[in-house]
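# Coordinate analysis (summary)
Okay, here's what each chain looks like letter by letter:
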Amino acid sequence: MFYQKEMDKVLRFGDVVRGYISTNPTIREPILSSKLESYNYKIDIGMPKYSVVLTPCCSIEEGMISLTTLIKVRSDFFKNQYFAEDLTRINRIMEPQLAHSPDKWERFTLEEQQRYLAERINYALLNLFIYEENEIFKKYTLRKREIRYYMIDYKNIYTIKCAMIKRPEKVKPEDAPIIESKVLQLSIRARSELRDKFAYYYSRPPKEDMILED
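The rules behind the values
Residues numbered from 1 in each chain as written. Predicted model: local features only at pLDDT ≥ 70, side-chain atom pairs only at ≥ 80, totals over all residues. Heavy atoms only, no water. Patch = residues over 30% accessible without salt bridge, like charges linked within 9 Å, V, L, I, M, F, W, Y side chains within 5 Å. Areas by Shrake-Rupley, 256 points an atom, 1.4 Å probe, with all protein chains shown as cover. Salt bridge = Lys/Arg side-chain N within 4 Å of Asp/Glu carboxyl O. Helix = DSSP H or I, 4+ residues; strand = E, 2+ residues; numbered from the N terminus. Buried < 20%, exposed > 50% of the residue type's maximum accessible area, 1.4 Å probe, protein only. Pairing = 2+ DSSP bridges. Contact = heavy atoms within 4.5 Å. Phe/Tyr/Trp six-rings, centres within 6.5 Å; stacked < 30°, edge-to-face > 60°. Axes fitted to C-alpha atoms, helices over the stretch in contact; angles between N-to-C directions. Polar contact = N/O pair within 3.5 Å; in protein donor to acceptor, adjacent residues only side chain to side chain.

It is worth spelling out a nonpolar patch on the surface at this point. On the surface, a nonpolar cluster with roughly 800 Å² of combined accessible area is contributed by I21, I27, I31, Y39, Y41, I43, I45 and M47. When residues in the nonpolar patch are grouped by element, the largest group, 3 residues, is from strand β3 (residues 41-46). The residue I45 is located in strand β3 in this model. I45 gets classed as exposed once you look at its relative accessible area, which sits at 61%.

Right under this line is the structure:
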C-alpha cells in the first residue's frame, strides 16, 4: 500500500498537498555589487496542481514548510523493463544492473560494471522519487501508455511561509485550510522509503572527501 486510507489531520513528510505557489529564482551571477543597475535576475512564480511536503514531520512548525512540485515522469524510464513493470521500483535499493536497461549495461566497460557492483548502496536516479498512480492524478500518455505516475525531484525544493503552519497541539479551528490542502498521505512504508532515499541523497560523501579519508 503506497497511500494511507485514513489521513491524519496534520501535515506529514511526503504528503501531497494543493493550493501552494512555487517560486524559482534565476540569476545571471551572484549579486555582489551595491549598484542596483547591475542586478540581473528573474523569479518564476507558478501554481502547481499538487506539491509534496519535504519537511520532516517533527519539524513542521513555526509557520514554514519545504515543498517540491509533483511533476510528470520521464518517458525514458520505460526503456528499462524493470522500471516499466512498476515505476516505484526507482524509489528502492536494487541490484546495480537493474538500474540500467540491459543494452546500456552491456555498453559499460568491465571496469565500469565492477565499479557499480562494488557500491554498498544502489539507488537509481538518486534525486527522484516516484509517486504511485492515484485516481486524483490527471492521466497523461507516455510511449502509448496512459499513466498517472508522478514524481518529485530533490533538486527542486522551495520554502513556503504561512502562519497557519503549526505543531499539531497548537492548531486552532481557523487553521483548517492547511489541513484541507492535504489530499494524500503516504503509508508508513512509502514514507520510510522516501525518507531513506532523501537522506541518502544528501548524506553521500563526495569522492574527494573519501580519497582524503583513505
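Here we have 5 strands laid out as an open sheet, ordered β11-β5-β4-β1-β12, and antiparallel in their pairing. What marks the edges here is a single partner per strand, and that holds for β11 (158-161) and β12 (182-184). In the sheet, strand β1 (residues 16-17) pairs with strand β4 (residues 51-53) via 2 bridges, with the strands oriented antiparallel. In the sheet register, V16 faces β4, and the bridge partner there is V52.

With that settled, consider the pattern of salt bridges. Working definition: two side chains of opposite charge can pair if their charged atoms are close together. For the structure shown, the criterion picks out 12 salt bridges. Residues joined in a network through salt bridges with shared partners are D86, R92, R189 and E193.

By the element assignment, Y123 lies in the loop between α3 (110-118) and β7 (128-131). Y123 sits 27 residues away from P96 along the chain, and the two C-alpha atoms are 7.9 Å apart. The contacts of Y123, once residues within four sequence positions are left out, are N91, R92, I93, D196, K197 and Y200.

This part takes up the packing of aromatic side chains. Tallied over the full model, the rule gives 15 aromatic pairs. For the ring pair Y82 and F83, a centre distance of 6.2 Å and an interplane angle of 50 degrees mean the geometry is tilted. Judged by relative accessible area, which is 25%, Y82 ranks as partly exposed. The interplanar angle of 55 degrees and the centroid separation of 5.2 Å between the aromatic rings of F137 and Y150 together place this pair among those described as tilted. Taken together, the positions of F137 in the loop between β7 and β8 (140-142) and Y150 in strand β10 (residues 150-153) put the pair 13 residues apart, joining distant regions of the chain. The two residues F137 and Y150 agree in class, both being buried. One aromatic cluster is present, built from ring pairs that chain together F13, Y154, F198, Y201 and Y202.

What follows covers the sheet that holds β10. Pairing is antiparallel across the open sheet formed by 3 strands, whose spatial order is β6-β10-β7. At either margin of the open sheet sits one strand with a lone partner, and together these are β6 (71-72) and β7. Here β7 pairs with β10 via 4 bridges, running antiparallel. Looking at the pairing, Y131 lines up with Y150 of β10. Those strands touched by helix α5 (residues 188-203) are β7 and β10, and its axis lies near 165 degrees from that of β7.

The next subject is the side chain of T88. With respect to the helices and strands, T88 occurs in the loop between α1 (81-85) and α2 (102-107). Looking at T88, its side chain comes within polar contact range of the side chain of R92, at 3.3 Å. Those residues in contact with T88 that lie beyond four places of it in its chain are F2, I130, E132 and Y149.

Here β10 shows no split at all, with Y150 and I152 on one side and M151 and D153 on the other all buried. Two elements, β6 and β10, share 2 bridges in a ladder whose sense is antiparallel. Note that in β10 the partner of I71 across the bridge is M151.

Take it as geometry only, folks, not as evidence of what the structure does.
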